[in-house]
Structures are given as C-alpha cells and as structure tokens.
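Listed here are the chains, written in short residue letters.
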Amino acid sequence: MNVYDFTVKAKDGSEVSLSDYKGKVLLIVNTATRCGFTPQYKELQDLYSAHRNDGFEILDFPCNQFAEQAPGTDEEIGAFCTMKYGTTFPQFAKIEVFGENQIPLYKWLEENSKFEGFSGFMGKIVALAAKSNDKDYKNNSKVKWNFTKFLIDRNGNLVARFEPTVKMKDVIKKVEEVLKQSPTE
C-alpha cells in the first residue's frame, strides 16, 4: 500500500485520487489559519514556487481539531491563504486527522511514521498542548499539532515526517534530496 491507494475530498466535495500525483514528490500538510505556525504558509509557498516545475506538489489539508485553529468554511480558509500568503498549491476540504472521523490517508500516514519529538522553544509550548490532548503523546505516532508534514517520494512511499517545530530549512533540504531521486518501477 502507498499514498496512491487513497482518495481525498476536494474543496468542492468531489473525490480526488492521489494516484493523480504519480511520479511527483509530495509534501502532505495538515494546516490551520489561526495557529502560531500559520506563517509557515509563506515558506511552504516559497518552496512550492521553487520546485513545482521539478515535479513537486504540496497537498494542504486544513484541520480544526487542534484548539479550533482552522475555523471557517473551506472557501474562507482558501481565501485567507491566497490573500495573506499567496498560496497556489492544492488545498483540499477540511479534514480530521484523529478520532472517529480520521480520514484513511492520515491513519496510513500515522501507521507508517513515528513521532520524533518537538524542538526549540515552540516545541516546549506544543508539547504542553500535545500532552493535554494525549497523555502518552511521546510514545505513539499520532499527529500532535497543526503543520505536521509528511514527505512522499515519486513512488508513493512515505520517506519522512516533520513535526511543526522542525526548521523549514531542514524540510527543504530533504525535499530537494528526494526530488533528485528517480522513480523506480
């Protein structure tokens, strides 16, 4: 099983098969518009602008489950991101990344990655919030907060997970490394 086995909902409610992205490097991100990490949208857009012609896509999945930091409709969220950060990468319908209504894609992402911990000053703050949601947060692979990123190679395999506190320069370095790899048959 790989990422191409999943379908997700577009903002208009239609189904999108992730197999439409075969051969591309993907960065899957659960986002929020009122989060301390929301300014990462600018860095994500810069990364997308630099590499979209190299076969790179960012798949943006707004999620309101962490402190209700993604309020509003899909259209309102999209308008905010476009106007404030100039985003042009695909943004999908709002999702749930945990719980009874967790989408299958995120279940698979969690099952195939592990939590590596938070870093820096913001890491201490996010750790407190994560602990309030999940007392055992350090010992499981559940998504802990907004702007968790999953890197998928050109073959649809999950190759890296980045917690929201990972510096974007580290994310960019790994994306660029994976972009240099050829797909295998």
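Just above, that's the structure.
Before going into details, it helps to say that this report is about the structure given with it. Note that the coordinates shown come from a computational prediction; the quantities given were computed from them, not determined experimentally.

**Describing the overall build of the protein chain**
So, step 1. In terms of regular secondary structure, the protein chain is built from five helices and six strands.
So, step 2. Walking the protein chain from its N terminus toward its C terminus, one meets helices and strands in the order β-β-β-α-β-α-α-α-β-β-α.
So, step 3. In summary, the protein chain has a C-alpha radius of gyration of 15 Å against a globular reference of 16 Å for 185 residues, a match within 12%.
So, step 4. Principal axes of the C-alpha set define a box for the protein chain whose edges measure 45 × 35 × 30 Å.
So, step 5. Of the contacts formed within the protein chain by residues at least 6 apart in sequence, a portion of 69% connects residues at least 24 apart.
So, step 6. Per element, the accessible surface of the protein chain, about 9300 Å² overall, is 49% carbon and sulfur.
So, step 7. Charge-centre separation for the protein chain: the mean point of 25 positive side chains lies 7 Å from the mean point of 26 negative side chains.

**Here's the deal with the environment of methionine 83**
So, step 1. On the secondary structure map, methionine 83 appears in helix 2 (residues 74-85).
So, step 2. Here the alpha-carbon distance between methionine 83 and lysine 24, two residues 59 residues apart in the chain, equals 27 Å.

**Side note on the nonpolar core**
So, step 1. Among the nonpolar cores identified, the biggest contains 60 residues, and Ile28, Leu105 and Tyr106 are the most heavily contacted of them.
So, step 2. When residues no more than four places from it in sequence are discounted, the contact partners of isoleucine 28 are Val3, Leu59, Phe61, Leu105, Tyr106, Leu109, Thr148, Lys149, Phe150 and Ile152.

**Re the state of the cysteines**
So, step 1. What the rule picks out here adds up to zero disulfides.
So, step 2. Cysteine 35 supplies the cysteine sulfur nearest to cysteine 63, a cysteine that is in no disulfide, at a spacing of 11 Å.
So, step 3. Looking at the unpaired cysteine 81, the closest cysteine sulfur is the one in cysteine 35, lying at 12 Å.
So, step 4. In this structure cysteine 81 comes out as buried when scored by relative accessible area, which is 1%.

**Overview of the pattern of salt bridges**
Two side chains of opposite charge can pair, provided their charged atoms sit close to one another.
So, step 1. Tallying each qualifying case throughout the model produces six salt bridges.
So, step 2. Its salt-bridge partner being lysine 42, residue aspartate 46 comes within 2.9 Å of it at the nearest N-O pair. Of this pair, aspartate 46 and lysine 42 both sit in helix 1 (residues 40-51), four residues apart, which is roughly one turn of that helix.
So, step 3. The class for aspartate 46 is partly exposed, based on a relative accessible area of 40%.
So, step 4. Where glutamate 111 meets lysine 107, a salt bridge forms, and the shortest distance between an N and an O atom there is 2.9 Å. Of this pair, glutamate 111 and lysine 107 both sit in helix 3 (residues 104-111), four residues apart, roughly one helical turn.
So, step 5. On the basis of relative accessibility, which here comes to 52%, the residue glutamate 111 falls in the exposed class.
So, step 6. Overall, the relative accessible area of 43% leaves lysine 107 in the partly exposed class.

**With respect to the side chain of histidine 51**
So, step 1. Mapped onto the secondary structure, histidine 51 falls in helix 1.
So, step 2. Within polar-contact distance, the side chain of histidine 51 engages the side chain of aspartate 54 at 2.8 Å.
So, step 3. Each residue touching histidine 51, except ones within four places of it in the same chain, is listed here: Phe56, Glu176 and Leu179.

**Focus on the sheet that holds strand 5 (residues 149-152)**
So, step 1. Spatial ordering of the open sheet is given by 4-3-5-6, a layout of four strands whose pairing is mixed. Each having just a single partner strand, strand 4 (56-62) and strand 6 (158-162) make up the two edges of the open sheet. Ignoring strand direction, the axes of neighbouring strands in this sheet form an average angle of 20°.
So, step 2. Bridge count between strand 3 (residues 25-31) and strand 4: seven bridges; the pairing is parallel. Residue pairing for strand 4: asparagine 30 is matched across the bridge by phenylalanine 61.
So, step 3. In this fold helix 3 packs onto strand 3, strand 4, strand 5 and strand 6, with an angle of close to 105° to the strand it touches most, strand 3.

The rules we used
- Residues numbered from 1 in each chain as written.
- Predicted model: local features only at pLDDT ≥ 70, side-chain atom pairs only at ≥ 80, totals over all residues.
- Heavy atoms only, no water.
- Helix = DSSP H or I, 4+ residues; strand = E, 2+ residues; numbered from the N terminus.
- Rg over C-alpha atoms; globule rule 2.2 N^0.38 Å.
- Contact = heavy atoms within 4.5 Å.
- Areas by Shrake-Rupley, 256 points an atom, 1.4 Å probe, with all protein chains shown as cover.
- Lys, Arg positive; Asp, Glu negative; His and termini not counted.
- Charge placed at Lys NZ, Arg CZ, Asp CG, Glu CD.
- Core = buried A, V, L, I, M, F, W, Y, C linked by side-chain atoms within 4.5 Å.
- Buried < 20%, exposed > 50% of the residue type's maximum accessible area, 1.4 Å probe, protein only.
- Disulfide = S-S within 2.5 Å.
- Salt bridge = Lys/Arg side-chain N within 4 Å of Asp/Glu carboxyl O.
- Polar contact = N/O pair within 3.5 Å; in protein donor to acceptor, adjacent residues only side chain to side chain.
- Pairing = 2+ DSSP bridges.
- Axes fitted to C-alpha atoms, helices over the stretch in contact; angles between N-to-C directions.

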